[in-house]
Amino acid sequence: MIRRTLMTFIAGGLLCGAASTSQAFEPAGKIDCIAPANPGGGWDFTCRSVGRVLGDLDLVDGNVQTINMPGASGGVGFSHVVQKRGGQENVIVAASTVTTTGLARGQFPGMDASMVNWVGTLGADYGVIAVAADSPYQSLSDVMKALKDDPRAVTFTGGTATGGWDHLKLLMAADEAGVDDLARIAYLGYNGGGEAVTQTLGGHVDAFTGDISEVISFIESGDLRPLAILSEERLPGKLHQWPTAREQGIDTIAPNWRGFYVPAEISGDAYTWWVDTIDTLYASDEWKSVMTQNGLMPFEMHGEAFTTFVNDQIAQIADISRQIGLSQ
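Only a predicted model underlies this, so the values are computations on that prediction, with no experimental measurement involved.

Cut-offs applied
Residues numbered from 1 in each chain as written. Predicted model: local features only at pLDDT ≥ 70, side-chain atom pairs only at ≥ 80, totals over all residues. Heavy atoms only, no water. Helix = DSSP H or I, 4+ residues; strand = E, 2+ residues; numbered from the N terminus. Expected span 1.5 Å × (residues − 1). Buried < 20%, exposed > 50% of the residue type's maximum accessible area, 1.4 Å probe, protein only. Contact = heavy atoms within 4.5 Å. Patch = residues over 30% accessible without salt bridge, like charges linked within 9 Å, V, L, I, M, F, W, Y side chains within 5 Å. Areas by Shrake-Rupley, 256 points an atom, 1.4 Å probe, with all protein chains shown as cover. Salt bridge = Lys/Arg side-chain N within 4 Å of Asp/Glu carboxyl O. Lys, Arg positive; Asp, Glu negative; His and termini not counted. Charge placed at Lys NZ, Arg CZ, Asp CG, Glu CD.

Caption draft 1: Expanded view of helix 11 (residues 303–323). Look at helix 11: 31 Å from first C-alpha to last across 21 residues, which is about the 30 Å you get at 1.5 Å a residue. One or two residues past the end of helix 11 sits G325, with phi positive at roughly 80°.

Caption draft 2: Structural detail: helix 8 (residues 212–221). Those residues of helix 8 that sit buried are I212, S213, E214, V215, I216 and I219. A positive phi of about 90° marks G222, the residue just after helix 8.

Caption draft 3: A look at unusual backbone geometry. One non-glycine residue, A72, lies in positive phi territory at about 55°. Here A72 lies in the loop between strand 2 (64–68) and helix 3 (75–84). In this structure, E265 takes a positive phi of about 70° despite not being glycine. Take E265: it is sitting in the loop between strand 9 (255–263) and helix 9 (268–283).

Caption draft 4: View of the side chain of T101. Its place among the elements puts T101 in helix 4 (residues 97–104). For T101, a relative accessible area of 0% puts it in the buried group. Those residues within four positions of T101 in sequence are excluded, and the remaining contacts are Q107, G163, G164, W165 and I317.

Caption draft 5: Spatial organisation of a negative patch on the surface. Residues E26, D56, D58, D61, D285 and E286 make up a contiguous surface patch of negative charge. Here D285 shows up in helix 10 (residues 285–294). Residue classification places D285 among the exposed residues on the basis of a relative accessible area of 60%.

Written out as structure tokens, the structure reads:
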């Protein structure tokens, strides 16, 4: 099955270690953290949360400014960094499985993973399929039954373009559930999870597909109701009450790693500093608290190992996309 192909590879990333410590470089002044989506989504959360903890831990001297740069499921931000930020050592960019999906599917025309430097991860954000509180759908099984009767019966939205990670995880679940004609499932993509949630709550679509960190506040307020979390087991703490897809007979697991890349053409010392700093942040009690509060699970990888992982994941997702007819 598609899920097993992807998860066999992703699971290997959970075992990789950390980088060494170096103090040969330290950025001076303001740091730009580019979130390649609108406010309210997972990349925005990554920049703002990391910026706050970097300051709290005195790991940077200047402020960390979040710059939202939506478009093309991260492609606009990626292009901006490649074309205009080369050599700039005070820039970090939020990335995730959405980024590797875009690269794998050729959604960043003329660009590839080698055009930036990959720094490290900050945990994994598991996928969720959720509906508005007053939705008639009570379980993921209900949704999949409706799709098996008619692939157009339920409309979905997410914070990535068609064929992006939010769309792909939905198709993985539908494929596992035995839905035919996956290409006919109605999906509307936005530039970030915030817009997609708004569409779901407004009743313009039936269901949301995204990541836990994008919607945890809406779940806690009672506005959104998860039908399934795409994790191996129920998540701990306040999310434990919500069932997995696996519990409902749909064996789909979809972790979205969260991390950073930096521009090409920076010095080796600057790259090593960023790798070590993100490693230090990841190991801190402050970041562990952020992870717990937002449903992030452990996923640690930095430097050369992370670069290898990114390249291999791009190859894996490209293969999966071909299997389900999303690319040639």
